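Here are the chains, one letter per residue:
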Amino acid sequence: MNDTASVAPRIRAVDRVYRAMPTSDGAGVRLNRVIGQPGLPDLDPFLLLDEFRSDQAVDYIAGFPDHPHRGFETVTYMLAGRMRHGDNQGNVGLLGPGSVQWMTAGRGIVHSEMPEQEDGLLHGFQLWVNLPARDKMTAPRYQDIDPAQIPTIDVGAGVRVTVIAGQVGNTRGAVDTGATEPTYLDVQLAVGTGFAQAVPIGHSAFVYAYHGEVQVGDGPRAKTLTTGELGVLSPGEEIRVAASAGAARLLIVAGKPLSEPVVRHGPFVMNTMTEIRQAVDDYRAGRL
Ligand code: MN
């Protein structure tokens, strides 16, 4: 025996499975919380993953009126419907189907996220990505990206991948990312197809199935995720997914863990309690 015997297998396996939990946030928006639920408060560097999906206006119409953020990034990915964004620095934007907003809150913004539509399907995701201590007080920054600017590539027959962040083969994602080097892919698999993605061995990674069933990993360690399940993956060099029971859609997300203290108070995520108190004071004093 030597140390190499304990090296992780190359292909990542599902370590733990979490089911999205129905909850409500904002002014009463019904959504499914995947990361940020009691059993999975975070997955360093990811602090939250919400899926909002409803064709009932009462579930979403109240939206997310003015609220602050400090210390991390919010990533909104729309599949259906429209969300209007505005902040206290005069930035405005309308996110339509297929668009992404990667917002680096940094030292702070106060913004609103409001459904533009009054009926029809609203479907999308919001992911929170932590910032390292050195970047938490950086100037706020928006990357609003139209669907036309987000590469969607066919990786073989029946396999379509939208590259929001990271790299698939020679295709680079649309977002300019920072210290956590995130990978964020939306993968569509026809029945009987599969996809493999290389990821840095030490990055945290998960697969979230949002349509159909997704087989993750290979051989005896393969596991099937059903719609609304997130699989936290073991370390490894490659993620493998496949659709055997029917067409499937899923997110593959990975990022470099920060391994820093996380002190969280609602929309503020800092490293110490003192920084949280400062954030609350700054917000109350109108300094965000
Ligand atoms: Mn927000």
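See the structure shown above.
In this report, the structure presented in the accompanying data block is examined. Given the structure is predicted, the values throughout are model-derived calculations rather than measurements.

Parameters and conventions
Residues numbered from 1 in each chain as written. Predicted model: local features only at pLDDT ≥ 70, side-chain atom pairs only at ≥ 80, totals over all residues. Heavy atoms only, no water. Core = buried A, V, L, I, M, F, W, Y, C linked by side-chain atoms within 4.5 Å. Buried < 20%, exposed > 50% of the residue type's maximum accessible area, 1.4 Å probe, protein only. Contact = heavy atoms within 4.5 Å. Helix = DSSP H or I, 4+ residues; strand = E, 2+ residues; numbered from the N terminus. Donors = N, O, S within 2.8 Å, 3.2 Å for Na, K, Ca; no water. Pairing = 2+ DSSP bridges. Axes fitted to C-alpha atoms, helices over the stretch in contact; angles between N-to-C directions.

### So, the nonpolar core
In summary, soluble globular proteins display a tendency toward joint burial of nonpolar side chains.
Turning to step 1, where the next piece is worked out: Ranked by size, the top nonpolar core spans 28 residues in total, and within it L49, L127, Y184, F206, Y208 and L230 carry the most contacts.
Turning to step 2, where the next piece is worked out: Beyond its immediate stretch of four places on either side in the chain, Y184 contacts V75, Y77, W102, F125, L127, T162, V163, I164, A165, L251, I252 and V253.
Turning to step 3, where the next piece is worked out: Counting 25 residues, the second largest nonpolar core, distinct from the first, contains V14, I153, V163 and F195.

### Considerations on unusual backbone geometry
Glycine aside, residues mostly have negative phi, and peptide bonds are mostly found in the trans state.
Turning to step 1, where the next piece is worked out: A cis amide bond links D44 to the next residue, P45, at an omega of 10°.
Turning to step 2, where the next piece is worked out: Tracing the backbone through its elements, the reader meets P45 in the loop between β3 (29-35) and β4 (46-54).
Turning to step 3, where the next piece is worked out: Of note, E181 is a non-glycine position whose phi angle comes to about 45°, a positive value.
Turning to step 4, where the next piece is worked out: Among the structural elements, E181 can be located in the loop between β16 (171-172) and β17 (183-189).
Turning to step 5, where the next piece is worked out: The backbone of S259 sits at a positive phi, close to 55°, despite the residue not being glycine.
Turning to step 6, where the next piece is worked out: Within the element layout of this structure, S259 appears in the loop between β24 (248-255) and β25 (263-265).
Turning to step 7, where the next piece is worked out: The class for S259 is exposed, based on a relative accessible area of 65%.

### Considering the coordination of the manganese ion
Turning to step 1, where the next piece is worked out: Surrounding the manganese ion are the protein donor atoms H67 (NE2), H69 (NE2), H111 (NE2) and E113 (OE), at 2.1 to 2.3 Å.
Turning to step 2, where the next piece is worked out: Of note, the donors binding the manganese ion are all from one chain and are spaced H-x1-H-x41-H-x1-E. One end of the pair, H67, is in strand β5 (residues 64-69); the other, H111, is in strand β10 (residues 109-115), with 44 residues separating them in the sequence. The same class applies to H67 and to H111, which are both buried.

### Focus on the sheet that holds strand β12 (residues 141-145)
Turning to step 1, where the next piece is worked out: Spatially, seven strands are ordered β2-β3-β4-β11-β6-β9-β12 in an open sheet, and the strand pairing comes out antiparallel. Whereas interior strands pair on both sides, the edge strands pair on one side only; in this sheet they are β2 (21-25) and β12. On average, each strand axis in the sheet is tilted by 20° relative to the strand beside it, whichever way the strands run.
Turning to step 2, where the next piece is worked out: With five bridges connecting them, strand β9 (residues 100-104) and β12 associate as antiparallel partners. Its bridge partner being in β12, M103 is matched across the sheet by Y142.

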